[in-house]
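# Architecture at a glance
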Amino acid sequence: MATLAELCIVACADAFRTDQERIATGIGPVPRLGASLAKLTHSPGLMMTDGEAYLVEQPVPIGPRAYDLPRRAGYLPFSRFFDAAVWTGRRHAMVTPTQIDRFGQTNLSALGGTHRQPKTQMLGARGFPGNGIYHPNSMFIPVHSPRVFVAGEVDRVSSPGYNPARRIAGANYSGIALHRIVTNLCVMDFGGPDHAIRVISLHPGVTLIDVERATGFDLIDAVAGETPLPDAEQLAIIARLDPHDLRAGAIAGNPPASGATA
């Protein structure tokens, strides 16, 4: 029986779907496995790294390994990654920010307080500002709640979104490309008015009311049905890519995919 984490992995894989040559970067077990699954199924043109400094022909399984290193296809150290993938737009990253608002602005920096004295200091913006304007981005949120999907704006804008109030006349926003948000409740995209977040599928056992109660801003109606369950081929690939079942710890309780609850 498929689990909720496995359903989310398949949904993340669909977010990476492309017919272009693009480097897929999944941060965390579920996005990483989603990118690898996409590579091995519907999007063979995706380029993968070993998580360090090499491009690889095949996705590298996650977790401890006692087997041969993957076949390396090219050298891609951090110093070259920006020219090869980031600045050229040939990268698609899936990240997990701490806050998201209805237009896709994210926060990874700090919560509450003032700029000089925040209530909670986090990692800082890190690469989010540049990543947000140069290449496509998606997000994975393991706990869908109003603390993540906040009312109004995020406390600090770590990466830009589609907020029309933040647009400066004459500026170039063509590089902002937000694709999907996969959560433990649903899949969302940015197809609402002014690119606002909307729900495009609900996980089995979840209602739109469940999602609305867990979201700090108003959502427009869902435009699609139920998130597809993983099939046998997808589950076999996921198991091979995650031999230590690290995916089981990605979502609290990791219930069956056929009856996900809020």
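Residues numbered from 1 in each chain as written. Predicted model: local features only at pLDDT ≥ 70, side-chain atom pairs only at ≥ 80, totals over all residues. Heavy atoms only, no water.

## A few points about the layout of surface pockets
The condition that has to hold: Put plainly, a pocket is an open set of points on a 1 Å grid over the protein atoms alone with protein on both sides within 12 Å along at least five of seven lines, a cavity is a set where a 1.4 Å probe fits but cannot get out, and a lining residue has an atom within 4 Å of a point. Grid points are joined across faces, edges and corners, and a volume is the space filled by probe spheres set on the points. Segments assigned H or I by DSSP are reported as helices when at least four residues long, segments assigned E as strands when at least two residues long, and all are numbered from the N terminus. Under the convention adopted here, Pro, Cys and the residues Ala, Val, Leu, Ile, Met, Phe, Trp and Tyr are nonpolar, Asp, Glu, Lys and Arg are charged, and Gly plus all remaining residues are polar.
Estimates place the volume of the largest pocket at around 800 Å³. Along the walls of the largest pocket sit 32 residues, with Thr25, Ile27, Phe78, Phe81 and Arg91 positioned nearest its centre. Contributing elements (two or more residues each) for the lining of the largest pocket: β1 (22–26), α2 (29–40), β2 (46–49), α3 (78–86), β5 (91–95) and α4 (128–134). Classifying every residue of the lining of the largest pocket gives 19 nonpolar, 9 polar and 4 charged.

## A short note on the pairing of strand β12 (residues 186–189)
Put simply, the rule is: The buried label goes to any residue with under 20% of its type's maximum accessible area, the exposed label to any with over 50%, and the partly exposed label to all in between, with areas taken from a 1.4 Å probe on protein chains only. One requirement defines pairing of two strands: DSSP has to find at least two bridges between them.
Neither face of β12 is exposed, since Cys186 and Met188 on one face and Val187 and Asp189 on the opposite face are all buried. Following strand β11 (residues 178–183), the chain reverses through 2 residues before pairing antiparallel with β12. Relative to strand β13 (residues 198–202), β12 runs antiparallel, the two sharing 4 bridges. Across the sheet, Val187 pairs through a bridge with Ser201, a residue of β13.

## Describing empty space enclosed by the protein
Summed over all chains, the structure comprises 1 cavity of 30 Å³ or more. Volume-wise, the largest cavity comes out at about 80 Å³. Lining the largest cavity are Val95, Thr106, Phe128, Asn131, Gly132, Asn137, Met139, Ser159, Pro160 and Leu178. A total of 3 residues in the lining of the largest cavity trace back to one element, the largest contributor, which is α4. Of the residues in the lining of the largest cavity, the class split is 5 nonpolar, 5 polar and no charged.

## Quick word on the sheet that holds β13
The condition that has to hold: Geometry is summarised by axes, namely lines fitted to C-alpha atoms with helices restricted to the contacting stretch, and by angles between N-to-C directions that run from 0 to 180 degrees. Every residue pair with non-hydrogen atoms within 4.5 Å of one another is taken to be in contact.
Pairing is mixed in the open sheet, where 9 strands are placed in the order β4-β3-β2-β1-β5-β10-β11-β12-β13. At either end of the open sheet lies a strand with only one pairing partner, and these are β4 (72–75) and β13. Averaged over all neighbouring strand pairs, the angle between strand axes comes to 25°, with direction disregarded. Relative to strand β10 (residues 137–141), β5 runs parallel, the two being bridged by 3 bridges. When the bridges of β10 are listed, Met94 appears paired with Ser138. Against the sheet, helix α1 (residues 4–15) makes contact with β5, β10, β11 and β12, and its axis sits at roughly 180° relative to β11, the strand it touches most.

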